[in-house]
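Summary of structural features
Letter by letter, the chains look like this.
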Amino acid sequence: MIKKIIVLLLFAGASVIAYSQQLIPMDTAIRYGKLDNGLTYYIRLNNEPEGRADFYIVQNVGAILEEDHQNGLAHFLEHMAFNGTKNFPDKGIINYIENIGGQFGRNVNAYTSLDETVYMLRNIPSSRQSIIDSCLLVLHDWSSFISLEDKEIDNERGVILEEWRTGAKANRRMWKESNKLKYPDSQYAKRDVIGDTAVINNFSYEALRSYYKKWYRPDLQAIVIVGEVDVDEVEKSIKQIFNDIPKSINPAERIIYTVADNREPIISIVTDLEAEFARIGLEYKKTAANDEYKKTEKHYTDLVRYSLITSMLSARFNENTTKPDASYVGAYANYGQIARLKDAFQAMVVPKEGLEKKAFEDMLVELERMRRYGFTADELSRTKKKVLASLEKAYNERDKTKSASYVREYTGHFLDLEPIPGIKWELEKTRQLFENEITLEELNKKAQALITEENLIVDITAPYKEGVKLPTREELLDMLIKSKTTEVVPYKEDIITEALFDETIKPGTLLEEKSIESLEIDEWKLSNGIKVLFKSTTNKADEIQFSAFSDGGISKVKKTKDLPSAYFATDIVENNGLDDFSAIDLKKMLAGKVVAVSPYISSYSEGMKGYSSIKDFETLLQLVHLYFTEPRKDKEAYASLISQYKTALANVESDPNKSFRDSVNWLSKNKHPRTVLLNTKLIEKVNQHKALKIYKERFKNPADFTFVFVGNINKDSVKSLILNYLGGLKTTNKKEKWVDNGFRYPKGKNDCEFEKEMQVSKTSVYYLLTQAMPYSFENKVHLGALADILDIRYTESIREKEGGTYGVRVSAGLTNQPVEQSSLSIQFDTDATKKDKLISLVFQELDSIVSNGPKEVDLIKVKKNLLKQHEENLEENSWWLSSIRLYEEDAINYVEDFPVVVANLNGKAIQEIAKVLLKDKNVLSVIMKSKESIKQ
């Protein structure tokens, strides 16, 4: 009895301690509540994007709750939610969303994981209350009124099997097998979401209905509505619409599964014939915080600490990969959830082939270095700056935060009590922690405690091949023991004292200034020939994006033997760093700044792209100047980069999908000798000296370039900076054009069919239809509309009616480089026995449009969606960059002309574009079939 009283007192004391902690507040902008039936709701007014809203229903159930005879049915049920509900029979939900301008996949979708299932209606027009009520009715039906008709269930079996087939790749197979070894006897070892094909083929209708009835109930559901809505009205509607769902009586317990502790290390080694490279990981399991603790500020402080620790350790790993003698080419550290009741401190490296054992040893050394000596003051200072810069940017953009971002936060809060205090509180709290509480000494103690001997998992996945020398279980255990006594020195780094940019530049002058009223952009011509275009937007409060472009590109590289070096030139330059600074030096110098610049060389142009905050705009221009003037040769950095590529590509040929992609690429370019296929043979032909020479040649004359700046930018306030860093670049009067090297689509009928050994049998089909066509804005829009209409038709006929594939990917294009030509590509995976019928359906749908034009209902859906997307695009700075470039290069005015062209789009236009496309019957087919599966 006394013992029992002591236990009760201990628990009572723990309770007092937990509740005495300061609680994390909930953002007051959230309308949060629960209905009497247990349904939780989150509502928030948000005007980004304007006139749109997101409607989600979050189910706190997933594949983890399936019984063995239901293996895969949580995911199957998710599919069935789109095949008929009480108020939206058959494909009523998809049809409704398409009729208001949405797209299946983009605007209406869902996902299932082990622990949750989430349904979403995204970016839905919210100007009419009737639309809002209809979307709430969809959520209502998903909650408790999915029809689950026998016929629809049987029709969906084929779709699920094809999704299983398409996703049955090496990484998924290894993940599934690893879980069995890592988490023995747990639900996490038994379930993989997609499920068992035997169950999918044969489960009874009642098995699915039983899962639905048992687990889809209001006490396990949350409604999340974020967007431009009347919060009071939405709350009122939720209470009315969901009122007919009764509170569950004697509901089944929603078991929260965990994974067991382990005293001795668990060793998991899994190989696969189609794996591309090895991964070696360590997991140090931790008991997850309980629900009461998660509500406290102390828990938030823990999350910040773990973020700092893993960021600093990842930076060390990354620095190691730049050394030519590094045993691994990629690595990271993370702290996060592996199960609802288990967290883990994780570290992972990607070893160079043949150095798997050495990579594991080196990872252990780095972890031991952290355990013994912790981190340095400079490392912590840099990382704090990066964290604060990210939070400050989010705070500055708080009025422009996308609804989807809030939805993710509220989903996490419902499922796992992730804090949702709002960005203002997070920024203020983090500043306070950095100033007063999180010190280097206590952080190093926290890092030390992460490395434990118990609850350790070693996880290795790798290709099954002779050249991969994986350590044995015994060797791994021996290395773990020895790491505790091995000689390790503290981390040391050279302190960078030089400024990023200290060159004195003679500024240029502004020769000419004009406005382009239709796009509301300003144009400057600088004295050195550079053209600068400005588009001021309010899409983001603290963002400036830019692009720079010039004609030429790889087309200007004359010798075919130099193409590999040209292909990797900008990767080499970025990896080498700038001026006297290595890439690692630059990362350290830019800590705390929101800025990025990246050069590129494409087929017919070269340029740069990037972004910055307002205060870091000068740094952006400095980086641009240096990329033009100071690319750096670095033998060690180059060797490291080539080693990384060799590791990534060492086993890529074992992936049948790579063979398929290469075949498509090679044949669609008509076997042109300048076609570049990414493989180890290509890497062997790369030369740093040649790559840098090509880069300098492409960027030697900035006068060839047009710069476009979009965002919260005032051209007058940045004038002196532009004239200095861009106007001060040395140029010549020489102008270039790209070169026509003879790339053309193949003419006539061309067929390629080949076999490839696969672990899971499938047939991959690709069709390319091409035709010479005038390059015009109307043709461009019409081709895109044709592809969208075919997407609708194939979803209905091939996916839903036939159950023949998980999805048909359709895309169209029109180009004027090197000549005016159009293309339409169609691709899908399927079972070998269904291939011929599906191909027949592909061309039946095309022939129907050629003969009769599109169905009016499909055309109306596509037009509404195109106009809806256009309205959304106007609010994206990245879209403005590409649209301004189109205007500059091809005189295409998307802003003014697109709505007009779409409004005038009719069935006759779609019919005519299809006729032109098929006129000369230029059709390329690539079909990859599987040989009999081979076993390890």
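See above for the structure.
The rules we used
Residues numbered from 1 in each chain as written. Predicted model: local features only at pLDDT ≥ 70, side-chain atom pairs only at ≥ 80, totals over all residues. Heavy atoms only, no water. Helix = DSSP H or I, 4+ residues; strand = E, 2+ residues; numbered from the N terminus. Rg over C-alpha atoms; globule rule 2.2 N^0.38 Å. Buried < 20%, exposed > 50% of the residue type's maximum accessible area, 1.4 Å probe, protein only. Contact = heavy atoms within 4.5 Å. Areas by Shrake-Rupley, 256 points an atom, 1.4 Å probe, with all protein chains shown as cover. Lys, Arg positive; Asp, Glu negative; His and termini not counted. Charge placed at Lys NZ, Arg CZ, Asp CG, Glu CD. Core = buried A, V, L, I, M, F, W, Y, C linked by side-chain atoms within 4.5 Å. Salt bridge = Lys/Arg side-chain N within 4 Å of Asp/Glu carboxyl O. Phe/Tyr/Trp six-rings, centres within 6.5 Å; stacked < 30°, edge-to-face > 60°.

On a plain count of helices and strands, the chain comes out with 33 helices and 23 strands. Taking 30 Å as the expected radius of gyration for a compact globule of 936 residues, we find that the chain reaches 29 Å, a close match to that expectation. Residues classed as buried in the chain amount to 57% of the 936 residues present. In the chain, once contacts between residues fewer than 6 apart in sequence are set aside, the share between residues at least 24 apart is 84%. Accessible area of the chain: about 41,000 Å², with a carbon and sulfur share of 49%. If you average the places of the 131 positive and of the 141 negative side-chain charges in the chain, the two averages end up 3 Å apart.

The next thing to look at is the nonpolar core. By size, the foremost hydrophobic cluster in this structure holds 70 residues, and its most contacted members are Phe-55, Trp-142 and Ile-238. Ranked by the residues each element gives to this core, the list is headed by helix H4 (residues 129-144), at seven residues. In this view, Ile-238 contacts Leu-35, Leu-39, Tyr-41, Ile-43, Leu-136, Ile-223, Ile-225 and Asn-243; residues no more than four positions away in its chain are not counted. The next biggest cluster of nonpolar side chains, apart from the first, holds 61 residues, and it includes Ile-505, Leu-526, Tyr-627 and Ile-642.

With an omega dihedral of 5°, the bond running from Glu-48 to Pro-49 counts as a cis peptide bond. Here Pro-49 shows up in the loop between strand S2 (40-45) and strand S3 (52-59). Although it is not a glycine, Leu-417 sits at a positive phi angle of roughly 55°.

Further remarks concern the pattern of salt bridges. In this structure the tally under the stated criterion is 83 salt bridges. Here Glu-736 makes a salt bridge to Arg-698, at a shortest N to O gap of 3.0 Å. Residue Glu-736 is located in the loop between helix H27 (719-725) and strand S19 (749-756), and its partner Arg-698 is located in helix H26 (residues 688-699); the two are separated by 38 residues in the primary sequence. For Glu-736, a relative accessible area of 15% corresponds to the buried category. A salt bridge links Arg-744 to Asp-740; its shortest N-O distance comes to 2.9 Å. With relative accessibility at 35%, the residue Asp-740 sits in the partly exposed group. Overlapping salt bridges bring together Asp-90, Lys-91, Glu-152, Arg-799 and Glu-800 as one network.

Looking now at the packing of aromatic side chains. The geometry of an aromatic ring pair is captured by the separation of the ring centres together with the interplanar angle, meaning the angle of the planes. By the definition in use, this model includes 36 aromatic pairs. Arranged with centres 6.2 Å apart and planes meeting at 55°, the rings of Phe-88 and Tyr-96 form a pair that is tilted. Looking at Phe-88, the relative accessible area reads 9%, which means it is buried. Centre to centre, the rings of Phe-546 and Phe-709 are 5.9 Å apart; their planes meet at 25°, and the pair counts as stacked. With Phe-546 in strand S15 (residues 544-551) and Phe-709 in strand S18 (residues 706-711), this residue pair connects regions lying 163 residues apart in the sequence. Neither Phe-546 nor Phe-709 differs from the other in exposure class; each is buried.

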